[in-house]
Amino acid sequence: MENVQEFIVTAIEKIKAQIGGTALIALSGGVDSSVCAELAHRAIGDRLYPLFIDTGFMRKGEPEQVQASFSHMNLQMIDAGDRFFDAVKGIEDPELKRKAIGETFIRVFEEEARKINADYLIQGTIYPDVLESEKGIKSHHNVGGMPEKMEFKGVVEPLYYLYKDDVREVGRALSLPIALSERMPFPGPGLSVRACGEATREKVIAVRAANAIVEEEVMETLKPWQALAAVIGKGTGQKNGRRVYGWIIAVRIVNSDNAITAEPLDVPYPLLRKIQERITTEIPDAVRVVYDVTPKPPGTIEFE
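Residues numbered from 1 in each chain as written. Predicted model: local features only at pLDDT ≥ 70, side-chain atom pairs only at ≥ 80, totals over all residues. Heavy atoms only, no water.

1. Remarks on the packing of aromatic side chains
Tallied over the full model, the rule gives five aromatic pairs. Between Tyr127 and Tyr161, the ring centres sit 5.8 Å apart and the planes meet at 40 degrees, which makes this aromatic pair tilted. One end of the pair, Tyr127, is in helix H6 (residues 127-134); the other, Tyr161, is in the loop between strand E5 (154-156) and helix H7 (164-173), and 34 residues separate them in sequence. With centroids separated by 5.9 Å and ring planes inclined at 85 degrees, the aromatic side chains of Tyr127 and Tyr163 adopt a geometry described as edge-to-face. One end of the pair, Tyr127, is in helix H6; the other, Tyr163, is in the loop between E5 and H7, with 36 residues separating them in the sequence. On the basis of relative accessible area, Tyr163 is assigned to the partly exposed category, the value being 27%. Within the aromatic cluster, the residues linked to one another by ring pairs are Tyr127, Tyr160, Tyr161 and Tyr163. A cation over an aromatic ring shows up here: Arg59 above the ring of Phe186, its NZ or CZ 4.1 Å from the ring centre. Here the basic side chain of Lys234 rests over the ring of Trp247, its NZ or CZ set 4.7 Å away from the ring centre. (Phe/Tyr/Trp six-rings, centres within 6.5 Å; stacked < 30°, edge-to-face > 60°. Helix = DSSP H or I, 4+ residues; strand = E, 2+ residues; numbered from the N terminus. Buried < 20%, exposed > 50% of the residue type's maximum accessible area, 1.4 Å probe, protein only. Lys NZ or Arg CZ within 6 Å of the ring centre and 35° of its normal.)

2. Examining unusual backbone geometry
Omega for the peptide link from Lys296 to Pro297 comes to -15 degrees, which places this bond in the cis form. Examined against the element boundaries, Pro297 turns out to sit in the segment after strand E9 (286-291). In this structure, Ser175 takes a positive phi of about 65 degrees despite not being glycine. Relative to the elements of secondary structure, Ser175 occurs in the loop between H7 and helix H8 (178-181). Judged by its relative accessible area of 63%, Ser175 falls in the exposed class.

3. Observations regarding the environment of Val207
The residue Val207 is located in helix H9 (residues 201-218) in this model. Residues Val207 and Val4 lie 203 residues apart in sequence; the distance between their C-alpha atoms is 37 Å. For Val207, the contacting residues outside a window of four places in its chain are Leu191, Arg194, Ala229, Ala230 and Val231. (Contact = heavy atoms within 4.5 Å.)

4. A few points about the packing of helix H1 (residues 4-18) against H7
To describe two helices that pack against each other, one gives the angle between their axes and the distance between the axes. It is the contact of H1 with H7, at a shortest axis distance of 10 Å, that shows an interaxial angle of 85 degrees. Relative to H7, the element H1 lies roughly perpendicular. Contacts between H1 and H7 involve Val4, Gln5, Phe7 and Ile8 from the former and Glu169, Val170 and Ala173 from the latter. (Axes fitted to C-alpha atoms, helices over the stretch in contact; angles between N-to-C directions. Parallel < 35°, antiparallel > 145°, perpendicular 65-115°, else oblique.)

5. With respect to the environment of Leu39
Mapped onto the secondary structure, Leu39 falls in helix H2 (residues 31-44). Along the primary structure Leu39 and Ile12 are separated by 27 residues, whereas in three dimensions their C-alpha atoms are 6.0 Å apart. Contacts of Leu39, omitting those with residues within four sequence positions, involve Phe7, Ile8, Ala11, Ile12, Ile15, Pro158, Leu159 and Leu174.

6. What to know about the layout of surface pockets
Taken as a whole, the largest pocket holds about 360 Å³ of empty space. Every residue lining the largest pocket is counted, 14 residues in all, and those nearest its centre are Arg59, Gln65, Arg183, Glu215 and Met219. Going through the elements one at a time, H8 and H9 are the ones with two or more residues in the lining of the largest pocket. No other element matches the five residues that H9 contributes to the lining of the largest pocket. Looking at the lining of the largest pocket, its residues break down into five nonpolar, two polar and seven charged. (1 Å grid on protein atoms, 1.4 Å probe; cavity = no way out; pocket = protein on both sides within 12 Å on 5 of 7 lines; lining within 4 Å. Points joined across faces, edges and corners; volume = space filled by probe spheres on them. Nonpolar A, V, L, I, M, F, W, Y, C, P; charged D, E, K, R; others polar.)

7. A look at the nonpolar core
Of all hydrophobic cores here, the largest spans 45 residues; its most connected members are Ile53, Phe57, Phe84, Phe109, Ile249 and Ile279. Those elements that provide at least two residues to this core are strand E1 (23-26), strand E2 (48-54), helix H4 (81-88), helix H5 (94-116), H9, strand E6 (226-239), strand E7 (242-255) and helix H10 (269-282). It is H9 that contributes the most residues to this core, seven residues altogether. Beyond its immediate chain neighbours, meaning those up to four positions away, Ile279 contacts Ala210, Ile213, Val214, Ile249, Val251, Ala286 and Val289. With 36 residues, the next largest nonpolar core counts Leu27, Ala43, Leu48 and Ile126 among its residues. (Core = buried A, V, L, I, M, F, W, Y, C linked by side-chain atoms within 4.5 Å.)

In structure tokens:
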């Protein structure tokens, strides 16, 4: 980004001009929505209502971290886990799952907006989300996954033309905590797209634990663009001297400049073995761990 301070000033002025009343922002705790929330708060102050929807598909400790980081704003915490699990029940197709989650997001936002008479929705949409949705690679919940009809007067997207590295630069310039500005990307539909196929509660519990293990093991040593785990199916294994039919966990660790392309990391084998041992030991129903070496393209960073 050529002039980050100029971008910040311009973005704040645009938000002021676009929003005359109150606004909700979809705050997930990721870098995009965190930067958006800070920009919007500087623009409209207490007329901004950050809304954290606990979908049941969040990372380990996510609700607690968001509450601690944004307690100085009009933060609203909504537990909607049952509703989101109901929305994806029986759905195996990734696109249908993303669209079901996108629609549920908007309906929850609309209901909360009515309570505070909010007219606008602010989103942390960035340019790679737009490109992938337009090209049909996958529908991001905040782009192709959005329902056609919404009750808001408008949707405001201050980061629409930025790439992830640009957003991080803005976050640093805004003096956001490092834990927010440097946080790894996380998909809008959350762990539902890392629980391949139908996102059941059992599967999501397993993938949440596996993701936490992968992040803990690689963040300080490898500092990748993104590291994740996904439940990709079931296979046979043996634990405690008996046959087990349990989860196959895929680990994916990549570097990228802008999320348009990505390369898998050459992870030291001892570290991979440690990750495997923790996953199969700490997650009772996990029996196999595999490492994905596919670049993007032909793969995508996420499995769904």
